[in-house]
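Spelled out, the chains give:
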Amino acid sequence: MPSNDAAASNTTDNAGAFAPFRHRAFALLWVATLVSNIGTWMHEVGAGWLMTTLAPSPAVVALVQAATTLPIFCFALLAGALADRLDKRRLLIGINIVLMLIVATLALLVRGEAMTPVLLIAFTFAIGTGAAFMAPAWQAVVPQLVPRELLRPAIGLNSMGINISRAIGPALAGVLIASIGLASPFAVNAVSHLAIIVALLMWRPEATPKKRRGPILVDIATGLRHVANNAPMKATLARAAAFFIFASAYWALLPLIARGAEKGGAELYGILLTLIGAGAVCGALLLPRLQKKIDSNQVALAGTAGTALALVLLAMSRGSVPMMVAAFVGGVSWIAVLTSLNVSAQTALPDWVRARGLSVFLTVFFGSMALGSVVWGQVASRLSISTALLIAAAGLALGYLITRGFRVGQGEDLDLTPANAWPAAPPLTGSFCEDRPAMVSVEYNVAEDQREAFAKAMRGWSQQRYRDGARHWSLQHCIEEPDLWLETFHLPSWAEHLEQHERLTKEDADLQQDVRAFDTRPDGPVVRHYLKPLD
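Residues numbered from 1 in each chain as written. Predicted model: local features only at pLDDT ≥ 70, side-chain atom pairs only at ≥ 80, totals over all residues. Heavy atoms only, no water.

1. Details of the packing of aromatic side chains
Each aromatic ring pair is characterised by the separation of its centres together with the angle its planes make.
Move 1: Scanning all chains against the criterion turns up 15 aromatic pairs.
Move 2: Centroid distance Phe243 to Trp334: 6.0 Å. Interplanar angle 45°. Geometry classified as tilted. Of this pair, Phe243 sits in helix H9 (residues 231-260) while Trp334 sits in helix H12 (residues 320-347), and the two are 91 residues apart along the sequence. The pair formed by Phe243 and Trp334 is uniform in burial state, with each residue classed as buried.
Move 3: Geometrically, the ring pair formed by Phe244 and Trp334 is edge-to-face, given 5.5 Å between the ring centres and 65° between the ring planes. (Phe/Tyr/Trp six-rings, centres within 6.5 Å; stacked < 30°, edge-to-face > 60°. Helix = DSSP H or I, 4+ residues; strand = E, 2+ residues; numbered from the N terminus. Buried < 20%, exposed > 50% of the residue type's maximum accessible area, 1.4 Å probe, protein only.)

Structural data, given as structure tokens:
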């Protein structure tokens with residue numbers, strides 16, 4: 001009889017890209033997100049085109065894209081810490097209500113012809129801020145909606161949904177702008193937030209036990225230490241930065257590319273965005289088959305090459321047809337890279353720090369997009385749009401060459417489920433308080449011929465301590481008793497150490513067994529716990 005894992009694998013293979021739709025919660029939120037994203041893309045088209053009418057300078061138009069992405073760079077770390085602390089469902093409902101009110105106000109100002117370039121950028125920044133506080137929580141709930149073996153197709157479907165909306169939203173926005181006016185895309189976007197709010201109210205996730213949390217800055221620092229000592233995550237971030245800062249060029253300059261084309265204008269701009277979305281949808285449908293033949297790292301490489309080709313085609317073309325081909329190729333390539341990087345980040349992170357880890361990924365993603373938008377707008381203003389696109393294409397090639405040693409998808413085979421391998425911590429009595437900083441010492445007795453190997457193993461083990469919350473780690477070798485070694489690590493509080501007991505993954509538990517095997521005593525290493533004395 002096949003194991004559960006084998007059965008799950010067979011189910012995934014047979015169902016292909018659409019297996020996650022068998023899970024009601026995923027299907028419900030996917031449809032609601034699709035509706036909301038159609039409104040968002042209508043908003044993007046409206047804002048981009050509105051700015052070309054208010055201030056057609058390349059540098060100013062590119063600021064709209066920067067104002068959309070910069071808030072996520074600024075606030076994602078705080079948002080990730082909040083998402084790991086709070087009820088994600090309630091957090092998402094509250095943010096969507098606020099965004100609905102902001103976008104409705106924007107629609108009224110555009111309707112009343114009271115909009116200015118500065119005001120448009122300010123509203124765009126405010127909406128981007130709402131998206132920044134929503135993004136880590138939204139990314140982190142995906143593993144709650146489907147089993148782990150369906151995580152890849154679920155992320156692929158989410159990306160496909162975004163790009164279906166990208167195919168529908170811009171075309172619909174172009175029709176509404178031409179027939180009703182520039183305020184209409186913003187009004188539809190405001191209403192679309194209701195779909196998300198209703199779906200979240202209908203979703204009833206399993207209750208999770210509430211955990212005691214310390215200061216939020218401590219939580220942010222814990223998340224950053226985890227990422228800094230998580231090799232698969234660091235590789236993902238390096239490749240993401242090398243890709244997005246250059247791939248952002250055509251996103252930032254697309255309104256101007258459409259305006260400068262032969263017979264260009266708002267209609268061509270909408271068509272190009274639609275084709276990018278259509279290409280991404282086709283890419284998402286092809287990815288499950290492609291990933292059976294090549295790994296995530298190779299998919300990301302192919303997507304990078306395709307994006308460079310799209311940039312060159314846009315730079316060298318003046319007619320609308322070659323631009324449409326470039327847009328479709330860009331969409332296929334974009335989804336290939338984005339899905340590979342997103343899956344790589346998701347599978348590199350355990351649940352307890354998922355939102356904070358994804359917030360770092362989002363910071364790199366949107367920070368690169370925001371920086372790129374500003375840079376490519378300035379380059380296009382000083383040189384030309386074509387030159388900026390060609391430089392970006394060359395940058396993609398150079399970025400890959402520099403970061404090719406950082407492989408995408410290193411965490412896909414890791415088992416990051418909780419191991420529950422540590423014994424219960426001793427209870428606090430008397431004047432001891434769990435808010436006080438804590439230190440844990442582990443004493444090892446190591447044979448002389450194993451010292452070098454032990455020291456090397458402990459250097460690797462130190463990364464696990466930092467990943468799980470330690471803010472300082474050290475290893476000492478005793479002078480009086482040369483077989484005696486002392487490992488110590490410090491934590492912000494005793495409560496943080498209690499959570500460490502739940503954070504140890506099965507992958508780390510195997511590594512811990514390798515370290516403990518160096519101890520020659522029958523009962524293994526000796527563990528002691530300390531708290532900072534009261535002032």
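Resuming the write-up.
2. Quick word on the packing of helix H8 (residues 216-228) against helix H13 (residues 354-382)
Axes are the key here: two packed helices are described by the angle between their axes and the distance separating the axes.
Move 1: Viewed as axis vectors pointing N to C, H8 and H13 meet at an angle of 70°, and their least axial separation amounts to 9 Å. Of the possible angle classes, the one that applies to H8 and H13 is roughly perpendicular. Where H8 abuts H13, its residues Asp219, Thr222, Gly223, Leu224 and Val227 lie against Arg356, Gly357 and Val360.
Move 2: Residue composition of the contact of H8 with H13, grouped by class: 3 nonpolar, 3 polar and 2 charged. (Axes fitted to C-alpha atoms, helices over the stretch in contact; angles between N-to-C directions. Parallel < 35°, antiparallel > 145°, perpendicular 65-115°, else oblique. Contact = heavy atoms within 4.5 Å. Nonpolar A, V, L, I, M, F, W, Y, C, P; charged D, E, K, R; others polar.)

3. Considering the pattern of salt bridges
Move 1: With the rule as written, the count across this model stands at 12 salt bridges.
Move 2: Asp84 is the partner of Arg356 in a salt bridge, and the nearest nitrogen-oxygen pair spans 2.7 Å. Of this pair, Arg356 sits in helix H13 while Asp84 sits in helix H3 (residues 58-85), placing them 272 residues apart in sequence.
Move 3: Overall, the relative accessible area of 3% leaves Arg356 in the buried class.
Move 4: For Asp84, a relative accessible area of 10% puts it in the buried group.
Move 5: Between Asp508 and Arg467 there is a salt bridge, with the nearest N and O atoms lying 2.9 Å from each other. Placement of Asp508 in helix H17 (residues 506-516) and of Arg467 in helix H15 (residues 451-467) is noted, with a sequence separation of 41 residues between them.
Move 6: Its relative accessible area of 8% is what places Asp508 among the buried residues.
Move 7: Linked by salt bridges that have partners in common, Glu443, Asp519, Arg521 and Arg528 make up one network. (Salt bridge = Lys/Arg side-chain N within 4 Å of Asp/Glu carboxyl O.)

4. With respect to the sheet that holds strand S3 (residues 484-491)
Move 1: Across the sheet, which stays open at both edges, the 4 strands sit in the order S2-S3-S1-S4 with antiparallel pairing between neighbours. With one partner strand each, in any of the chains shown, strand S2 (472-477) and strand S4 (526-531) form the two edges of the open sheet. On average, each strand axis in the sheet is inclined to that of its neighbour by 15°, with strand direction left out of account.
Move 2: Against the sheet, helix H16 (residues 494-503) makes contact with strand S1 (438-445), S3 and S4, and its axis sits at roughly 115° relative to S3, the strand it touches most. (Pairing = 2+ DSSP bridges.)

5. Overview of H15
Move 1: Compared with an ideal rise of 1.5 Å per residue, which puts 17 residues at 24 Å, H15 spans 25 Å between its outermost C-alpha atoms and is within 8% of the ideal.
Move 2: The sharpest bend along H15 reaches about 25° and sits at Gly460.
Move 3: By the burial criterion, the buried members of H15 are Phe454, Ala455, Met458, Trp461, Ser462, Gln464, Arg465, Tyr466 and Arg467.
Move 4: Elements that come into contact with the buried residues of H15 comprise H8, S1, S2, S3, H16 and H17.
Move 5: One or two residues past the end of H15 sits Gly469, with phi positive at roughly 125°. (Expected span 1.5 Å × (residues − 1). Bend = angle between axes of the 7 residues up to and from the residue.)

6. With respect to the environment of Lys263
Move 1: Its place among the elements puts Lys263 in the loop between H9 and helix H10 (266-290).
Move 2: We classify Lys263 as exposed; its relative accessible area is 85%.
Move 3: When the C-alpha positions of Lys263 and Trp494 are compared, they lie 67 Å apart, and in sequence the two are 231 residues distant.

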